Amino acid sequence: MVAFGKKLKERQIEEWQGYYINYKLMKKKVKQYAQQIQVGAQDRRHVLKDFSRMLDTQIEKIVLFLLEQQGLLASRIAKLGEQHEALQQQPDISQISELREAYRAVGRDLLKLLFFVEINAIGLRKILKKFDKRFGYRFTDYYVKTRANHPYSQLQQVFKHVGVGAVVGAISRNLGDLQERQGSYLSIYDQPALPLQDPVIDSIKAAVDRLTHSTNFLHFLAQHALIMQEELPIAIEEHVDDQKYHFMSLLLNLANTFLYMVNTYIVVPTADNYSMSLGAASTVCGVVIGAMAVAQVFSSVYFSAWSNKSYYKPLIFSSIVLFVGNTMYALAYDLDSIAVLLLGRLLCGFGSARAVNRRYISDCVPLKIRMQASAGFVSASALGMACGPALAGLLQTNFKIYKITFNEDTLPGWVMAIGWLLYLVWLCILFKEPPHEIEESNNQQGSNAEPEENDAIEKGLAQPLLLSSEDKQEEEDGDQDNDVSEEAPEESRGPATSIGSAYRLLTPSVKVQLLIYFMLKYVMEILLSESSVVTTYYFSWSTSKVAIFLACLGLTVLPVNIVVGSYISNMFEDRQILLASEIVCLIGILLSFNIIIPYSVPQYVCSGLIMFVSAEVLEGVNLALLSRVMSSRLSRGTYNGGLLSTEAGTIARVIADGTITLVGYLGESKLLNLTLLPSLLICISSVIATFFTYNSLY
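Thresholds applied
- Residues numbered from 1 in each chain as written.
- Predicted model: local features only at pLDDT ≥ 70, side-chain atom pairs only at ≥ 80, totals over all residues.
- Heavy atoms only, no water.
- Salt bridge = Lys/Arg side-chain N within 4 Å of Asp/Glu carboxyl O.
- Helix = DSSP H or I, 4+ residues; strand = E, 2+ residues; numbered from the N terminus.
- Buried < 20%, exposed > 50% of the residue type's maximum accessible area, 1.4 Å probe, protein only.
- Axes fitted to C-alpha atoms, helices over the stretch in contact; angles between N-to-C directions.
- Parallel < 35°, antiparallel > 145°, perpendicular 65-115°, else oblique.
- Left-handed = near helix turned anticlockwise from the far one by under 90°.
- Contact = heavy atoms within 4.5 Å.
- Nonpolar A, V, L, I, M, F, W, Y, C, P; charged D, E, K, R; others polar.
- Polar contact = N/O pair within 3.5 Å; in protein donor to acceptor, adjacent residues only side chain to side chain.
- Phe/Tyr/Trp six-rings, centres within 6.5 Å; stacked < 30°, edge-to-face > 60°.
- Lys NZ or Arg CZ within 6 Å of the ring centre and 35° of its normal.

Peer 1: How would you summarise the pattern of salt bridges if you had to cite specific residues and measurements?
Peer 2: Per the stated rule, a full pass over the model turns up eight salt bridges. Among the ionic pairs, Glu15 bridges to Lys112, the shortest N-O distance being 3.5 Å. Of this pair, Glu15 sits in the loop between helix H1 (4-11) and helix H2 (23-38) while Lys112 sits in helix H4 (residues 93-135), and the two are 97 residues apart along the sequence. On the basis of relative accessible area, Glu15 is assigned to the exposed category, the value being 53%.

Right, here's the structure in full:
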């Protein structure tokens, strides 16, 4: 794999090479500082002052060139404006077409300028992280705060595109005026909800969004799926081969995701009653619900490996296993066997093909619609999560056909078995297997697609002033100064080949994000899985009421993501939202404890809503940060970052469901408080860990 310095050089616009950040020089300086400190030739204060001065000089060079180019673009727009004014007096169709194309040419040059700024912004972030990693300082936080908040800030020009918006607006307005509007005299300012449909303008807006780190609803949902884009921008869009993309195959992957989430949660409202009807305690519902998660721990690995060779065969296998598993789940009632019930749920877990669904989107969907596809993946999951309990609430009937019982306990199994059978037929008829290339070639797009922005991730702030000689040598071997030899050996730059090697690539920042992901999945699983038992014990709720409660929780997912993705994430940094969400989740857990007697419905519903919503917000922000701080070596191969996060969440669900069953033996009266206690401790631990790594989450 090509290291960042060489990739940066390859992506530079040739005629502007002298104005880019000198990443190679600054990298050498960082190593030089380390050697000087080691022999006592420099002190900390001098190093910080000298490095700050160098950064200021580099940013000033970039900004002055940016302002010069903006002036040239503004001058061109002004001249075109004179022509536009003349055409309004004497319209000429051919000249209008030429003028429109001239404005588009200015737009394409502006797009080049935005790519220039974005590459420099990425280089700046990486050299700051490299400095923090080498010395263990919190220099990044200091430098950004002191420069960004200064009234004469040049850093704002790099990260906030000051002035570019005016150029974008001028191009958009004039293109809009030149566009045929069939007698309408409204401008783009009169119809802000109907933006100008022009490919150049769309590309510019996308580049501006990336540059400012602002996000929209689709982008925020895409982060939930952990299917992100490549780190460095390119002026020419990279297209996935048309032979690889097939809309119906994508739709089938999204349908698989939806059905699996329905399958997971459709049994939650009735699992306690089903367990009791088979002679077990109601709290065995924890094992019944969690059996799927136990199997998913293993299925995620083999499905991730299988997707290197095929997408069609894993989906076929998944559908067959889920059909058999749900049939066994339904038949357990007439067989009067809790073992058959649990085996059926285990088989359902072994059919989890979410790793294949993610991989298909990452490898086979064109870049221009990959964000929409990723958002569709998350939306399908959220919709399935809401539809599962809602569907269970509708299956309130009881009858027999040929000695086979159909009631509220068995119907979820029968409905899902029929659903997977129909899906299997649909899959066999319409799915198109894309051509598989060499695995390395496939993975260039980044499977499960964490960005490659973090080859030089900081290993935490609590490090010695200098790295050990072994660590130092390892970094030097993997990140050479000489651009000619910047490709590291394949074994040191290739993807992880085992869970162990993947774990060794985890830095403290990544471990904390995985801990947070573990915590939020644990909290959500405790809330959802024990809801039927708790509400029956305290409030005597029926299955229908439990189903409505769980469906309402599921339906909050998309509205919450709209608010966070469209508004909150544009107002605050991701790390600020992360910490705030953790604290709100902690408050929700505290409010859920049964301390005030009698325990009331408003207390349970409100505290549960706080826990669930804060965990949902936390998940999106957590995965966004995880994609930034994770090594690029974990963006490819079988043991990738997506698999690690999935395993962390699945293990959390297994432990949560096991906790419910174990605590249930102490009595239902103690179930709520004793299951919330581990949630409280894990949440407090994650908050503390976030404080320790807060400055590295940039």
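Peer 1: Can you lay out the packing of helix H12 (residues 285-306) against helix H13 (residues 312-335) for me, pointing to particular residues and giving the numbers?
Peer 2: In the contact formed by H12 and H13, the axes pass within 12 Å of each other and the chain directions differ by 165 degrees. By the angle class used here, H12 and H13 are roughly antiparallel. Every pair of crossing elements has a handedness; the one defined by H12 and H13 is right-handed. Counting all contacts with H12, which are made through Val288, Tyr302, Phe303 and Trp306, the residues of H13 involved are Lys313, Pro314, Phe317, Ser318 and Tyr329. By residue class, the composition of the contact of H12 with H13 is seven nonpolar, one polar and one charged.

Peer 1: Can you tell me about the side chain of Ser686, naming the residues and giving the values?
Peer 2: Within the element layout of this structure, Ser686 appears in helix H29 (residues 668-693). Within the structure, Ser686 has its side chain in polar contact with the backbone oxygen of Cys683 (distance 2.7 Å).

Peer 1: Could you give me a rundown of the packing of H2 against helix H3 (residues 44-89), with the residues and numbers involved?
Peer 2: In contact at an axis separation of 11 Å, H2 and H3 are set at 170 degrees when each is read in the N-to-C sense. When the axes of H2 and H3 are compared, the pair comes out roughly antiparallel. Where H2 approaches H3, its residues Met26, Lys29, Val30, Tyr33 and Ile37 are matched on the opposing element by Val47, Asp50, Phe51, Met54, Leu55 and Gln58. Among the residues forming the contact of H2 with H3, the class breakdown is eight nonpolar, one polar and two charged.

Peer 1: Any details on the packing of aromatic side chains? Residues and values, ideally.
Peer 2: Scanning the entire structure with this criterion turns up 31 aromatic pairs. Ring geometry for Phe406 and Trp414: centres 5.5 Å apart, planes at 40 degrees, overall tilted. Both rings, one in Tyr599 and one in Tyr604, keep their centres 6.3 Å apart while their planes meet at 70 degrees; by these two values the pair is edge-to-face. Comparing Tyr599 with Tyr604 shows no difference in burial state: the two are buried. Each residue in the set Tyr537, Tyr538, Phe539, Trp541, Phe549, Tyr599 and Tyr604 is aromatic and connected to the rest through ring pairs, giving one cluster. The aromatic ring of Trp16 is capped on one face by Lys112, whose charged end is 5.5 Å from the ring centroid.

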